[in-house]
Amino acid sequence: MTNRETYDKVFIDCFAVAQDQLNEKFVYQCVTAWDSVGHMGMIAALEDAFGIMMETEDIIEFGSYTIGIEKLKKYGVEV
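What counts, and at which threshold
- Residues numbered from 1 in each chain as written.
- Predicted model: local features only at pLDDT ≥ 70, side-chain atom pairs only at ≥ 80, totals over all residues.
- Heavy atoms only, no water.
- Helix = DSSP H or I, 4+ residues; strand = E, 2+ residues; numbered from the N terminus.
- Rg over C-alpha atoms; globule rule 2.2 N^0.38 Å.
- Buried < 20%, exposed > 50% of the residue type's maximum accessible area, 1.4 Å probe, protein only.
- Contact = heavy atoms within 4.5 Å.
- Areas by Shrake-Rupley, 256 points an atom, 1.4 Å probe, with all protein chains shown as cover.
- Lys, Arg positive; Asp, Glu negative; His and termini not counted.
- Charge placed at Lys NZ, Arg CZ, Asp CG, Glu CD.
- Axes fitted to C-alpha atoms, helices over the stretch in contact; angles between N-to-C directions.
- Parallel < 35°, antiparallel > 145°, perpendicular 65-115°, else oblique.
- Left-handed = near helix turned anticlockwise from the far one by under 90°.
- Nonpolar A, V, L, I, M, F, W, Y, C, P; charged D, E, K, R; others polar.

1. Comments concerning the overall build of the protein chain
Part 1: If you tally the helices and strands in the protein chain, you get 4 helices and 0 strands.
Part 2: Going residue by residue from the N terminus, the α and β elements of the protein chain occur as α-α-α-α.
Part 3: Radius of gyration (C-alpha) of the protein chain: 11 Å, near the 12 Å computed for a compact globule of 79 residues.
Part 4: Here the C-alpha coordinates of the protein chain stretch approximately 30 × 25 × 20 Å along the principal axes.
Part 5: Out of the 79 residues in the protein chain, the part that is buried amounts to 39%.
Part 6: Of all intrachain contacts in the protein chain linking residues separated by at least 6 positions in sequence, the fraction that spans at least 24 positions is 45%.
Part 7: Total accessible area on the protein chain is roughly 4500 Å²; 53% of this is exposed by carbon and sulfur atoms.
Part 8: Computed over 6 positive and 14 negative side-chain charges, the inter-centroid distance for the protein chain is 4 Å.

Right, dumping it as structure tokens:
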């Protein structure tokens, strides 16, 4: 599985969305499941999937599907 496939799978599994919903318009609270609790679950799933530990500032700033791709680069994960 590629890093992009892994990244997308986390979003699909955490937020019960379809692959075609994952784009620049997929942002925090755009779906009911992406609330504060869902956000932390998604972060934990990403950390597990990529073997990283994100800093608090990055977790707070992780407000969209596309921002997440940029945040992961900081941890050596190219999506």
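Here the narrative resumes, following the displayed structure.
2. Focus on the packing of helix 1 (residues 3-15) against helix 4 (residues 65-73)
Any two packed helices are characterised by the angle at which their axes cross and by the distance between the axes.
Part 1: Orientation of helix 1 relative to helix 4, taken along the N-to-C sense of each, is 135°, at an axis distance of 12 Å. Considering their axes alone, helix 1 and helix 4 lie oblique with respect to each other. Remark: the crossing between helix 1 and helix 4 carries right-handed chirality. Within the contact between the two elements, helix 1 uses Arg4, Tyr7, Asp8 and Phe11 and helix 4 uses Tyr65, Gly68, Ile69 and Leu72.
Part 2: Split into classes, the residues belonging to the contact of helix 1 with helix 4 amount to 5 nonpolar, 1 polar and 2 charged.

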